[in-house]
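# Coordinate analysis (summary)
Read off the chains here:
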Amino acid sequence: MKNISNANEVLKDKMKIVPFNDKDNLCLVGPVKLPVKQGDFEATFQWYTWVAAEKQLDTKETILHSIVNAELASKQQSSVLVYGDFTNADDAIIRMHSICHTGDIFGSQRCDCGYQLHESMKMIVEHGCGAIFYLANHEGRGIGLFSKSLAYILQEEGFDTVEANLALGFEDDTRNYEEAIRVLEALRTKPVTLITNNPKKLAALKSHGLLAHDHIPLWGGLTETNRHYLETKVKKSGHIPEKQFIV
Ligand SMILES: [Zn+2]
């Protein structure tokens, strides 16, 4: 029999309250089975989402009541795709992927984000266990989609990625990994190996004692249109270059 109280019981079983900071908890929901097909690649992931909820909304019931008026569609939520026995496997690889509307959705060749997203999904499935965190609020290294279009206009005038963000009055990179790290800790207590070229991401996980091994680098998808962008990542943002990478 379908009724509201049954529905709430079903939902509450899939919700987990994760302490975050003085003001907020995170409400983690999942797993939700998510079969994925991209070209020849097919896999079934377990999908989780989360939202920050004020500490006073301290029960799953109050959170369920509050979502109708929370205007979640006008705000961004992050999520994570999990593959394999993520909680228990000794060896798991993860990626912290920053949202990129143009690269991930449209396949823009101005950056390598789409390549990195899809390649790391394949790597995790081949490895047998891992997770991809898809991080909202990270668009354009934290400046937002609208500002990113302004930055692209400046880049066409010869500014590099870093210079364009600075010229618009932003700090170069304001991305924060704390929520994702708390969610990672809620899903798995054993260390992980990070797929990245970005030393800031490595440092964020290292500071929480979550790193198992050296990182797995992820270079590729180099085209004439993103060469300058990739070179700037190495020259100005400290990304760990591929051995053959020419800068
Ligand atoms: Zn991108």
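Note that the coordinates shown come from a computational prediction; the quantities given were computed from them, not determined experimentally.

### What to know about helix α8 (residues 178–187)
For α8, the complete set of buried residues consists of A180, I181, V183, L184 and L187. Within α8, the buried residues cover an arc of 160 degrees as seen down the axis, which keeps them to one side. Contacts from the buried residues of α8 go to β2 (24–38), β3 (41–54), β4 (78–83), β5 (93–98), β6 (130–135) and α9 (199–206).

### Some words on a nonpolar patch on the surface
A cluster of nonpolar side chains, namely F146, L150 and I153, defines an oily patch on the protein surface of about 320 Å² accessible area. Position of F146 among the secondary structure elements: in helix α6 (residues 145–156).

### Focus on empty space enclosed by the protein
Taken as a whole and assessed by the stated rule, the structure comprises one cavity of 30 Å³ or more. Estimated volume of the largest cavity: approximately 360 Å³. In this structure, the largest cavity is lined by 26 residues; those nearest its centre are C113, R141, R175, Y229 and K233. Among the elements that line the lining of the largest cavity, the one with the most residues is α6, at four residues. Here the residues of the lining of the largest cavity sort into eight nonpolar, 12 polar and six charged.

### Details of the packing of aromatic side chains
Applying the stated criterion across every chain, the model contains two aromatic pairs. Above the face of the Y152 ring, R110 is positioned so that its terminal group lies 4.1 Å from the ring centre. Lying across the ring of F86, R188 places its NZ or CZ 5.6 Å from the centre.

### Side note on the coordination of the zinc ion
Within the protein, C100 (SG), C111 (SG) and C113 (SG) serve as the donor atoms for the zinc ion, at 2.2 to 2.3 Å. One chain supplies every donor for the zinc ion, spaced along it as C-x10-C-x1-C. Note on accessibility: C111 and C113 belong to one class, buried.

### Points about the confidence of the model for the protein chain
This prediction gives the protein chain a mean pLDDT of 89; 96% of its residues lie at or above 70. Within the protein chain, the element-level pLDDT minimum falls on helix α10 (residues 227–235), averaging 76, and the maximum on β4, averaging 98.

### With respect to the nonpolar core
Of all hydrophobic cores here, the largest spans 28 residues; its most connected members are W50, V80, F86, I94, M96, F133 and L205. Of all the secondary structure elements, the ones that give two or more residues to this core are β2, β3, β4, β5, β6, α8 and α9. Tallying contributions element by element places α8 first for this core, with five residues. Beyond its immediate stretch of four places on either side in the chain, F133 contacts W50, S79, V80, I94, R95, M96, H97, A180, V183 and L184.

Reading the values: the criteria
Along every chain, residues carry numbers that run from 1 in the direction the sequence is written. Local features in a predicted model are, by the rule used here, given only for residues with pLDDT of at least 70; side-chain atom pairs are given and counted only at 80 or more, and totals for whole chains, interfaces and linings are based on all residues. Just so you know, side-chain values use all the structure's heavy atoms and leave hydrogens and water out. Each residue is placed in one exposure class: buried if its accessible area under a 1.4 Å probe, protein chains only, is under 20% of its type's maximum, exposed if it is over 50%, and partly exposed if it falls in between. Secondary structure is summarised from DSSP: a helix means a run of H or I of at least four residues, a strand means a run of E of at least two, and numbering begins at the N terminus for each. Think of the arc as the fan of directions from the helix axis to the C-beta atoms. For this analysis, residues touch if any pair of their heavy atoms sits within 4.5 Å. Every patch collects residues that have over 30% relative accessible area and no salt bridge, joining them within 9 Å if they carry like charges and within 5 Å if they are nonpolar side chains (Val, Leu, Ile, Met, Phe, Trp, Tyr). Per-residue accessibility takes into account occlusion by the displayed protein chains alone, with areas from the Shrake-Rupley method and a 1.4 Å probe. Any Lys or Arg side-chain nitrogen located within 4 Å of an Asp or Glu carboxyl oxygen qualifies as a salt bridge. Both cavities and pockets are sets of points on a 1 Å grid over the protein atoms alone; in a cavity a 1.4 Å probe fits but cannot get out, in a pocket the set is open with protein on both sides within 12 Å along at least five of seven lines, and lining residues sit with an atom within 4 Å of a point. Grid points are joined across faces, edges and corners, and a volume is the space filled by probe spheres set on the points. Ten residues, namely Ala, Val, Leu, Ile, Met, Phe, Trp, Tyr, Cys and Pro, are considered nonpolar, four, namely Asp, Glu, Lys and Arg, are considered charged, and the remaining ones, Gly among them, are considered polar. Classification of ring pairs uses Phe, Tyr and Trp, with its six-membered ring standing for Trp, and accepts pairs whose centres are within 6.5 Å; under 30 degrees between planes counts as stacked, over 60 as edge-to-face, and the remaining range as tilted. Only lysine NZ and arginine CZ atoms are considered, and such an atom sits over a ring when it is within 6 Å of the ring centre and within 35 degrees of the ring normal. Coordination partners: N, O, S within 2.8 Å of the metal, 3.2 Å for Na, K and Ca; water not considered, so apparent gaps in a site are possible. Confidence scores labelled pLDDT are given residue by residue by the predictor and lie between 0 and 100. Residues enter a nonpolar core if they are buried and are Ala, Val, Leu, Ile, Met, Phe, Trp, Tyr or Cys, with the set joined through side-chain atoms within 4.5 Å.

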